[in-house]
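# Overview (structure and organization)
Residues per chain, in single letters:
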Amino acid sequence: MPETPRFTLILLLSLLLLAFSFALSVSIGAARIPLMEVWSLVFQPSDEQNSLIVHTLRLPRALVGVLAGIALALSGTILQCVTRNPLASPGLLGVNAGAALALLLMVVFFPALPAFLYVPFGFLGGLLAALLVFGLTSSVGFSPLKLALAGVAASALFTSAASSLKILFEQQAQGVMFNLAGSIAGRNWEQFHMLWPWVLVGGILTFIYANRLNLLALGEELATGLGIKTRLNQLMLTLLAVLLAASAVSVCGPISFVGLMIPHITRKLVGVNHLMVVPVAAVLGATLVTLADVAARLIDFPAETPVGILISAIGAPFFIYLARSVKRMAS
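As a starting point, this report considers the structure included with it. Everything numeric here is computed off the predicted structure, so don't read it as measured data.

Thresholds, definitions, all that
- Residues numbered from 1 in each chain as written.
- Predicted model: local features only at pLDDT ≥ 70, side-chain atom pairs only at ≥ 80, totals over all residues.
- Heavy atoms only, no water.
- Helix = DSSP H or I, 4+ residues; strand = E, 2+ residues; numbered from the N terminus.
- Rg over C-alpha atoms; globule rule 2.2 N^0.38 Å.
- Buried < 20%, exposed > 50% of the residue type's maximum accessible area, 1.4 Å probe, protein only.
- Contact = heavy atoms within 4.5 Å.
- Areas by Shrake-Rupley, 256 points an atom, 1.4 Å probe, with all protein chains shown as cover.
- Lys, Arg positive; Asp, Glu negative; His and termini not counted.
- Charge placed at Lys NZ, Arg CZ, Asp CG, Glu CD.
- Core = buried A, V, L, I, M, F, W, Y, C linked by side-chain atoms within 4.5 Å.
- Phe/Tyr/Trp six-rings, centres within 6.5 Å; stacked < 30°, edge-to-face > 60°.
- Axes fitted to C-alpha atoms, helices over the stretch in contact; angles between N-to-C directions.
- Parallel < 35°, antiparallel > 145°, perpendicular 65-115°, else oblique.
- Left-handed = near helix turned anticlockwise from the far one by under 90°.
- Nonpolar A, V, L, I, M, F, W, Y, C, P; charged D, E, K, R; others polar.
- Salt bridge = Lys/Arg side-chain N within 4 Å of Asp/Glu carboxyl O.
- Expected span 1.5 Å × (residues − 1).
- Bend = angle between axes of the 7 residues up to and from the residue.

When helices and strands are tallied, the chain shows 14 helices and zero strands. For the chain, the sequential pattern of α-helices and β-strands runs α-α-α-α-α-α-α-α-α-α-α-α-α-α. The C-alpha radius of gyration of the chain comes to 20 Å, within 12% of the 20 Å expected for a compact globule of 331 residues. When the backbone C-alpha atoms are referred to their principal axes, the chain occupies close to 65 × 55 × 35 Å. Burial status across the chain gives 51% buried among its 331 residues. Considering only contacts within the chain whose residues lie at least 6 apart along the sequence, 76% involve residues at least 24 apart. Total accessible area on the chain stands at roughly 15,300 Å², and carbon and sulfur atoms take up 71% of it. The averaged location of the 11 negative side-chain charges in the chain is 16 Å from the averaged location of its 17 positive side-chain charges.

Here it is, written out as structure tokens:
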């Protein structure tokens, strides 16, 4: 199948799968509302209780899941290209843990600050984690596995610090615990409005820079020879990846492995051209988080399992497979 028709078909099928996942997310919940009534209420809201459930609980939750999936998938796509490391992702490089710690510090020590500063604070924490990981790796010699190990160490460090803060400042930390649960349960319109501008701008910038991602994927020397400022572009794209991950963490908490798995799956489907990878990865990332959230409601209904746990159950074996593949290629 020619490349462009193949891409168009895969993108169309991905969008249909996302639409199906979104419809499931809006239709399923603890309150048993007939399917036809749910979709009648979506388009014709009223003051009835079922309408309030659909519009104040289910719709914003589904939309937040879509946005978080887009942000995490695009962040992982950028990081894997910039580092030329198949194991790179915002979770494995410590960005998610760093962003979560920064949010916790904000709530504990600066509780009067407004909620719209969650994303900027998360960005600073994620950036600090990324700098720490790159610094550790450069000091011992760069390799994909060493970068991943440095990321795991940084994640453990930031997670331990966050756990200590939760114990020492339990009462103050309650304000952000809901946001750091690795879940999209209970997310509302306030959190949707806090998230969508960052994901929209980040997604547009990622697509604009898709050609530069293609050049960086060729290697630093070749990219420089083709006329781009390699270091500057690597820095800008890394900042963009951290911002995307931080925006998702600020609302949903650390959800690992979306940014690891989705770029690999996407490249298997559409190839390595980032003009095609970026839109498909965004759609597949949104679909993964949305479907995982639906499954989280059904596993122990009416109780809910955090969506991050379900995705980790898939992502951990995927990471092991990738790590073994990288080790074989290196040997």
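Time to look at unusual backbone geometry. In this structure, arginine 84 is a non-glycine residue whose phi angle is positive, near 50°. Along the polypeptide, arginine 84 turns up in the loop between α3 (49-83) and α4 (95-109).

A separate point is the nonpolar core. One finds Val26, Ile78, Leu104, Leu237, Val258 and Ile311 to be the most contacted residues of the largest nonpolar core, which totals 101 residues. The residues contacting isoleucine 311, other than those within four sequence positions of it, are Ile255, Ser256, Phe257, Val258, Met261, Val289 and Ala292.

This part covers the packing of aromatic side chains. Under the defined criterion, the tally for this structure stands at three aromatic pairs. Geometrically, the ring pair formed by phenylalanine 109 and phenylalanine 169 is edge-to-face, given 5.3 Å between the ring centres and 70° between the ring planes. Remark: phenylalanine 169 occurs in the loop between α6 (144-168) and α7 (170-177) and phenylalanine 109 occurs in helix α4; sequence separation between them is 60 residues. For the ring pair phenylalanine 110 and phenylalanine 121, a centre distance of 6.4 Å and an interplane angle of 50° mean the geometry is tilted.

Now for the environment of leucine 131. Positionally, leucine 131 belongs in helix α5 (residues 118-140). Its relative accessible area of 54% is what places leucine 131 among the exposed residues. The spacing of leucine 131 and leucine 93 is 38 residues in sequence and 9.7 Å in space, taken between C-alpha atoms.

Helix-helix packing is characterised by the crossing angle of the two axes and by the distance between the axes. Remark: α3 packs on helix α13 (residues 274-298), axes separated minimally by 7 Å, with the N-to-C direction vectors making an angle of 135°. The angle between α3 and α13 falls in the class oblique. Seen along the crossing, α3 lies across α13 with a hand that is right-handed. Of the residues in α13, those in contact with Arg61, Gly65, Val66, Gly69, Ile70, Ala73, Leu74, Thr77 and Cys81 of α3 are His274, Val277, Val278, Ala281, Ala282, Gly285, Ala286, Val289, Thr290, Asp293 and Arg297. Taken together, the residues that form the contact of α3 with α13 break down as 11 nonpolar, six polar and three charged.

Residue position: tryptophan 198 is located in helix α8 (residues 189-208). With relative accessibility at 31%, the residue tryptophan 198 sits in the partly exposed group. Along the primary structure tryptophan 198 and valine 242 are separated by 44 residues, whereas in three dimensions their C-alpha atoms are 11 Å apart. If near-sequence neighbours (up to four positions away) are discounted, tryptophan 198 is found in contact with Val119, Pro120, Leu243, Leu244 and Ser247.

The subject of this paragraph is the packing of α4 against helix α11 (residues 230-252). The geometry of α4 relative to α11 is characterised by a closest axis approach of 9 Å and an angle of 55° between their N-to-C directions. Considering their axes alone, α4 and α11 lie oblique with respect to each other. Here the hand of the crossing between α4 and α11 comes out right-handed. Between α4 and α11, the residues in contact are Val95, Asn96, Ala99, Ala100 and Leu103 and Val242, Ala245, Ala246, Val249 and Ser250, respectively. Tallied by class, the residues present in the contact of α4 with α11 amount to eight nonpolar, two polar and no charged.

A few words on the pattern of salt bridges. Using the criterion set out here, one finds two salt bridges in the structure. Here the salt bridges share partners, and the residues they tie into one network are Arg61, Asp293 and Arg297.

Quick look at α3 now. Between its first and last C-alpha atoms α3 spans 50 Å; for 35 residues at 1.5 Å apiece the expected length is 51 Å, and the two agree. At arginine 58, α3 shows its maximal bend, which comes to roughly 30°, and the proline proline 60 appears one to four places after that position. Where α3 ends, the next residue or the one after it, arginine 84, has phi of about 50°, a positive value.

Turning to its location among the elements, aspartate 293 is positioned in helix α13. Beyond its immediate sequence surroundings of up to four residues, aspartate 293 is in contact with Ser25, Arg61, Ile184 and Val307.

Tracing the sequence through the fold places threonine 230 in helix α11. Between the alpha carbons of threonine 230 and valine 82 there is a distance of 9.6 Å; along the sequence they are 148 residues apart. Residues within four places of threonine 230 in sequence aside, it is in contact with Leu216, Glu220, Ala223 and Thr224.

Any functional reading would require information beyond the geometric quantities listed.
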